[in-house]
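Structure at a glance
Residue-level listing of the chains:
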Number of protein chains: 2
Amino acid sequence: MDSGAVCPRFISRYPLVTMAHGGGGKLMNQLLEEMIHSVFKSAEEPWRHDGALLESSSAKMAFTTDSYVITPLFFPGGDIGELSVYGTVNDLAMCGSIPRWISLAFILEEGLPMTDLQKVISSVARAAERCGVQVVTGDTKVVEKGKADGLYINTSGIGVMRSETPFIGPASVREGDAVIISGDVGRHGMAVMSVREGLSFSTAIESDMAPLNGPVDHLLTEGIPVHCMRDLTRGGLASSLNEIAAAAGLGIYVAEEDIPVRGEVKAACEVLGYDPLYVANEGCMVLFVPGAAAGDTIGMLRSFDQCRNAAIIGSVVKRGIAPVTVRTVLGTSRVLDMISGEQLPRIC
Amino acid sequence: MDSGAVCPRFISRYPLVTMAHGGGGKLMNQLLEEMIHSVFKSAEEPWRHDGALLESSSAKMAFTTDSYVITPLFFPGGDIGELSVYGTVNDLAMCGSIPRWISLAFILEEGLPMTDLQKVISSVARAAERCGVQVVTGDTKVVEKGKADGLYINTSGIGVMRSETPFIGPASVREGDAVIISGDVGRHGMAVMSVREGLSFSTAIESDMAPLNGPVDHLLTEGIPVHCMRDLTRGGLASSLNEIAAAAGLGIYVAEEDIPVRGEVKAACEVLGYDPLYVANEGCMVLFVPGAAAGDTIGMLRSFDQCRNAAIIGSVVKRGIAPVTVRTVLGTSRVLDMISGEQLPRIC
């Protein structure tokens, strides 16, 4: 991949995306050649066909898809391009697979500045390189002005399953498991909301967006018997814990004071009226491991920059009156329910 | 799959899609459970995780992605749901693979009637069953009213490569190959355009939308040495021939009178000022096979309903002044160039 290979002449000739760039003719081919193929070209030239040809080292694979409709496209700490790679890579990592290949499908809005598209494509390339995944196939559509917010991205991904790893998922969670979080909560959602609301704080909030496949790979290679992992996105920590508790048929008890939240995130949440436990991350996961492995897990996670705030936040218990209970800083207990509707629209 | 399993109470309670249906909370989970998981549930429950777990019978696979932004969502002969399955299945078949798994990602517009979503989901399920592919993973986002046209779909697909089949693609095309078309051209594009333009003809034009994996499977199983296949979508026959000729470094010579076009499609093209050779199909492909195999290929194709108009339309020649030349019905020759911009926006 060569993220600097986009042709400047193409951009000066077509400063804005037009409907013709999605019409299947010469202009579309030019857009693909100059803006996309030149960046993602590989030895096998997989982009030239209707699909890419892959060769997997294992018959068992993970497959996932996500569309990204975040607004704004560029926000403190990243942009929709990186997000669309990390989000899909993290989903693959959460299944216990090694992320290998991703697809890249754009829905572009007529009138999008071509330089914005170029920035997003460079971000995709950079992020893919950081994660060790290859962008092997793609698609581009153009819709009329007003029919999208600049651009939407879909990435789908394929990961190769490790043959030696037992099933990782809610069904493997056991009573007594430690609940570990890999970082501080709510940073991505509040970074996006603070720019949208035009807020400025003494310390700017940047998205925590980051790939988690490196840390996961390290844990599994070192033999940590991870029972379940989930990256925190829409709905935040509260939703993930509720989903896992419900699927496992067990209870989860967490201590509020042990859940890392940055001061500026807490402040922004107070101003805007959000509970950080419901606010999205994009580079943070919750892990369930046997209690005895919790210390080693924390130690390994903290060796990665994106996990340096990893902490044990609770444990798995018998199912009580509610799936998830939280001990507040005042020492009382409260039910941590799943949120009903949307708290933060369009943050991924 | 059980396409009748959607809960009617959910629809009467939520007649329209709201932003909250994409927020990551209870309402989104309910939408997924009632509308989507209930239809695509499978023994392995793959939808419950961040990704699906697959087991391939071969290490070699094909991977493709496509977003569908067609307007209107429902058109004569089909809807965006079926289209999103056939389009991706056909891309996988064109690589010579056996389509197996697809992902299904929705971008829904706030205010979309829930019954429209239900119809589309049923169509996806029916189409997947017809093609023999499994919908194994998905994603749902909601954007504000006006920010999409009802809904956009992305499907990505994985196919398993046949171990015995040699490489199928432009690089395998040889001088002397017969150029075969599997059906009549331009029907999908003109079906969509005639409803958009409010035209009515004595014979209604229906989209030719259909899966091509069945016919392809038959040809390859019977040992037809197919050199290259391409399904005709955006840009029509002319664009596909130009792309293949350019990639193969050879010339293609076709006879206009041999290219099947239905009378009503020809009439609609004349009224609206289109050339049918540039108008999209969604259930038609062009194939390149050695001249000696052309007769058998035609015979096998015609045994399938969607290919009963299959015809030999030309042959591969040395590269002349242009990649593609067409002998007109008047006996003269003209260059069949690639179209520059868009002729028919948003037909897939």
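Rules of the game
- Residues numbered from 1 in each chain as written.
- Chains lettered and ligands numbered in written order.
- Predicted model: local features only at pLDDT ≥ 70, side-chain atom pairs only at ≥ 80, totals over all residues.
- Heavy atoms only, no water.
- Domains from an automatic or database assignment.
- Buried area = accessible area lost by both parts, 1.4 Å probe.
- Salt bridge = Lys/Arg side-chain N within 4 Å of Asp/Glu carboxyl O.
- Polar contact = N/O pair within 3.5 Å; in protein donor to acceptor, adjacent residues only side chain to side chain.
- Helix = DSSP H or I, 4+ residues; strand = E, 2+ residues; numbered from the N terminus.
- Nonpolar A, V, L, I, M, F, W, Y, C, P; charged D, E, K, R; others polar.
- Contact = heavy atoms within 4.5 Å.
- Buried < 20%, exposed > 50% of the residue type's maximum accessible area, 1.4 Å probe, protein only.
- Pairing = 2+ DSSP bridges.

All right, on to the domain arrangement of chain A then. All names here are of chain A. For chain A, the assigned domains are domain 1 (6–161) and domain 2 (170–335). Computed from C-alpha coordinates alone, the two centres of domain 1 and domain 2 are separated by 29 Å. Of the roughly 1700 Å² buried between domain 1 and domain 2, counting both surfaces, carbon and sulfur atoms make up 66%. For the interface between domain 1 and domain 2, the tally reads zero salt bridges. Between the two partners, domain 1 and domain 2, sit five residue pairs in polar contact (both at pLDDT 80 or more). Put simply, the parts of the chain that give the side of domain 1 that touches domain 2 at least two residues each are β4 (78–79), α3 (80–94), β5 (97–109) and α4 (114–131). The element contributing the most residues to the side of domain 1 that touches domain 2 is α3, with nine residues. Considering only residue class, the side of domain 1 that touches domain 2 consists of 12 nonpolar, six polar and four charged.

Looking now at the environment of B:C348. Mapped onto the fold, B:C348 is located in the segment after β14 (333–335). Those residues in contact with B:C348 that lie beyond four places of it in its chain are A:K141, B:Y68, B:V69, B:I70, B:L83, B:R234 and B:E282.

Side chains B:A52 and B:L54 project from strand β1 (residues 52–55) of chain B onto a buried face, and the interleaved B:L53 and B:E55 project onto a face without burial. Two strands pair when backbone bridges link them, and strand β2 (residues 60–68) of chain A and β1(B) are joined in this way by four bridges, in the antiparallel orientation. Note on β1(B): the bridge partner recorded for A:A62 is B:L53.

This paragraph deals with the interface of chain A and chain B. Opposite the 75 residues of chain A that make contact, chain B presents 75 residues. Contact with chain B buries area across many residues of chain A, yet A:D50, A:F63 and A:R234 alone supply 14% of it, more than any other trio. For the pair chain A and chain B, the number of links is 10 salt bridges. Of the charged contacts in the structure, one is a salt bridge between B:R346 and A:E144, with a shortest N-O distance of 2.3 Å. Between the two partners, chain A and chain B, sit 29 residue pairs in polar contact (both at pLDDT 80 or more). Considering only residue class, the side of chain A that touches chain B consists of 33 nonpolar, 23 polar and 19 charged.

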